[in-house]
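# Remarks on the overall topology
Residues per chain, in single letters:
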Amino acid sequence: MKSSWFATALYLAFAPPVLADALFDFYQQLHANPELSHFETNTAALLATELRKAGFQVTAGVGKYIDGSQAHGVVAVLQNGTGPRLLIRADMDALPIAEETNLPYASKVTSTNAAGQQVGVMHACGHDLHTTTLLGTAREMAARRSEWQGTLVLVGQPSEETLDGAQAMLRDGLYQRFGKPDMALAMHVSAGLATGVIGVYAGATHAAVTSIDVTIRGVGGHGAAPHRGKDPVVMAAQFINQIQTIVSRNQDPLDPAVVTVGSIHGGTKRNIIPDEVKLELTTRAHSEKAMNIIVAGIQQAAEGIAVSNGLPAERKPIVKIIETETGPANINDKKLALKVKAAITAALGSDRVNDGFPIMGSEDFARYSLQGQQIPTVLFNVGVIPAGLLAQAKAGKVQVAGTHTSKFAPEAEPAIQAGVQAMTAAAIDLLQK
Ligand SMILES: [Zn+2]
Ligand SMILES: [Zn+2]
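Since the structure is predicted, the reported quantities are computational estimates derived from the model, not experimental observations. (Residues numbered from 1 in each chain as written. Chains lettered and ligands numbered in written order. Predicted model: local features only at pLDDT ≥ 70, side-chain atom pairs only at ≥ 80, totals over all residues.)

### A word on the overall build of the protein
As a reminder of what qualifies: Put simply, DSSP marks the helices as runs of H or I at least four residues long and the strands as runs of E at least two long, and each gets a number from the N terminus on. Our radius of gyration looks at C-alpha atoms and nothing else; its globule reference is 2.2 Å times the residue count to the power 0.38. Burial is judged by counting other C-beta atoms within 10 Å of a residue's own C-beta: 20 or more means buried, 12 or fewer means exposed, and anything between counts as partly exposed, with every C-beta placed from the backbone. Each residue gets a C-beta atom placed from its backbone, and two residues are in contact if those atoms lie within 7 Å.
Looking only at helices and strands, the protein has 11 helices and 18 strands in total. Over its C-alpha atoms the protein spans a radius of gyration of 24 Å, differing by no more than 12% from the 22 Å that the globule rule assigns to 433 residues. For the C-alpha atoms alone, the extent of the protein along its principal axes is close to 100 × 45 × 40 Å. Out of the 433 residues belonging to the protein, those deemed buried represent 46%. For the protein, restricting intrachain contacts to residue pairs at least 6 apart in sequence, the fraction spanning at least 24 positions comes to 81%.

### Section: the domain arrangement of the protein
Frequently, the measure chosen for interface size is the accessible area that the parts lose on association. Convention followed: Where each domain starts and ends follows an automatic or database-derived domain assignment. Under the scheme applied here, ten amino acids are nonpolar (Ala, Val, Leu, Ile, Met, Phe, Trp, Tyr, Cys and Pro), four are charged (Asp, Glu, Lys and Arg), and all others, including Gly, are polar.
Partitioning the protein into structural domains gives domain 1 (16–205 + 329–430) and domain 2 (208–325). Summarising the inter-unit geometry, the C-alpha centres of domain 1 and domain 2 are found 36 Å apart. Counting from both sides, the interface comprises eight residues of domain 1 and, opposite them, eight residues of domain 2. Its residues assigned to classes, the side of domain 1 that touches domain 2 comprises six nonpolar, one polar and one charged.

### Focus on the pairing of strand β14 (residues 276–285)
Let me state the cut-off plainly: A strand pair is defined by DSSP finding two or more bridges across the two strands.
Among the 10 residues in β14, seven count as buried, and that is most of the element. The pairing of strand β10 (residues 208–217) with β14 spans 10 bridges and is antiparallel. Bridge pairing links Arg-217 to Glu-276 in β14. Relative to β14, strand β12 (residues 257–266) runs antiparallel, the two sharing nine bridges. Bridge assignment links Val-258 to a residue of β14, and that residue is Arg-284.

### Re the confidence of the model for the protein
The condition is simple: Every residue is assigned a pLDDT by the predictor, reflecting its confidence on a scale from 0 to 100.
Residues of the protein with pLDDT of at least 70 account for 95%, and the chain-wide mean is 94. Under a pLDDT of 50 for its full length, residues 10–18 has, in the predicted model, one contact with residues more than four places off or in other chains.

### Thoughts on the sheet that holds β10
Our working definition: Under this scheme, a helix contributes an axis fitted over its contacting stretch, all axes are lines through C-alpha atoms, and angles between N-to-C directions fall in the 0 to 180 degree range.
An order of β12-β14-β10-β15 is seen for the four strands of this open sheet, with the pairing classed as antiparallel. Both edges of this open sheet fall to β12 and β15 (318–321), since each of them pairs with a single strand only. Neighbour-to-neighbour, the strand axes of the sheet open up by a mean angle of 20 degrees, direction not taken into account. Strands β10, β12 and β14 of the sheet are contacted by helix α7 (residues 232–250), whose axis makes an angle of about 170 degrees with β12. Across the face of the sheet, helix α8 (residues 288–308) comes into contact with β10, β12, β14 and β15 while running at roughly 5 degrees to β10.

### Re the environment of Ala-90
Summarising the element assignment, Ala-90 is placed in strand β3 (residues 85–91). With 23 residues separating them in the primary sequence, Ala-90 and Asp-67 have C-alpha atoms 23 Å apart.

### A few points about the nonpolar core
Taken as a class, soluble globular proteins show a tendency for nonpolar side chains to be buried jointly. Let me state the cut-off plainly: Under the definition applied here, buried Ala, Val, Leu, Ile, Met, Phe, Trp, Tyr and Cys residues are grouped into a nonpolar core through C-beta atoms within 7 Å.
Counting 115 residues, the largest nonpolar core has Leu-51, Leu-86, Ile-88, Leu-154, Val-340 and Ala-426 as its most contacted members. Counting residues per element, this core draws most heavily on helix α11 (residues 412–430), which supplies 11 residues. If we ignore the near neighbours within four places in the chain, the residues touching Ile-88 are Leu-134, Thr-137, Leu-154, Val-155, Leu-185, Ala-186, Met-423 and Ala-427.

### Brief notes about the environment of Leu-129
With respect to the helices and strands, Leu-129 occurs in helix α4 (residues 127–143). Each C-alpha atom of the pair Leu-129 and Ala-412 lies 7.1 Å from the other, and the pair is 283 residues apart in sequence. Contacts of Leu-129, omitting those with residues within four sequence positions, involve Tyr-27, Val-189, Pro-410, Ala-412, Ala-415 and Ile-416.

### Some points on unusual backbone geometry
Look at Asn-102: it is not a glycine, yet its phi comes out positive at around 60 degrees. You can see Asn-102 is positioned in the loop between β3 and β4 (110–112). Judged by local crowding, Asn-102 falls into the exposed class, with 8 C-beta atoms found within 10 Å. With phi around 60 degrees, Leu-163 is a residue other than glycine that occupies positive phi space. Mapped onto the secondary structure, Leu-163 falls in the loop between β6 (150–157) and α5 (165–171).

### Description of the environment of Ala-106
Tracing the sequence through the fold places Ala-106 in the loop between β3 and β4. Taking the C-alpha atoms as reference points, Ala-106 and Val-382, 276 residues apart in sequence, are found 21 Å from one another. Those residues in contact with Ala-106 that sit more than four places away from it in its chain are Glu-99 and Thr-101.

Okay, here's the thing in structure tokens:
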């Protein structure tokens, strides 16, 4: 009798905590039923219901897009005495990708995108895992409220992939209605870390993005009489080549930057010189200085090519920044990052925590810190790729499907467990009694 009691106690003390089935069920449900940015109706409702059950005061339908439409943001507050206000954010939206993972809970969902096309929908960026981790953290924090004091504000954010979800929530008075946080945390899955390993980078984790549409205008005409027109196809080719030198010749090589032309459209038929060619560009940079150089370089190249081709002033190219797809770099506050890293290390052990690494992708979590990083924020990563597979990939033997691909298959259950443990440890540390 005594020995079995002792064995049970020993087991409870040293066995790794097993993820509550209910939490993994919740994850599978989200994964199998992904919703595109701006359309997270059911995901938001599910999260709101579960957060209410966990004892939080929940407000749904928080967020206003720039066109005035309502966003599906969820805000859950747990007040627990006096102390700092900590915001924890998880994003909820999925991507227009047809899933090819063969997982038992793979998505078979299709939906209509903004252009009216039928597209597959998949949680290919792990936002289902983030939402599940937020719920797990909510339950832990509610159960362990004797260990902390302050106010916990949990945010289920829509539309991260379209980069307008955080802004929509701030525009709808997130900080006025639920209080301006003293600090904010978020996590993101990483296909560059082994499952359950946490990476905390102290510095700029994600690049700023500026989306730019360029219309190169010419003077259309017959394909057999190019001398009577001004060919925008040739000018577009010159423009694309010239902007390759912005990063390679104008930008400090130690300050990363990217210029990509992702789309080019012009013309209807081989023997007609069109009036214009339209290009869509994405540009990335970690520093404001680099972004200014890129944007100025694109403007100069477009105008210079028009001048050198003898275009009249009224046919100058149009360079337009697409504000809804533009955002600042995400910068982890150094002091807060070190504090968070120490708290997670104490909970998970030093072999499961590292310094992380920056990427050129973008994250609208940056918005929560407000302009000029008024509010210290930290976004840390949770690895989701089995350690053996990752080692093989690093040795160049296999390719691991990363985020935003149809075969991205995170090792979800242990990653959620690590995410919940890490986020809870950080939150309790920051809301110390
Ligand atoms: Zn993504
Ligand atoms: Zn993401």
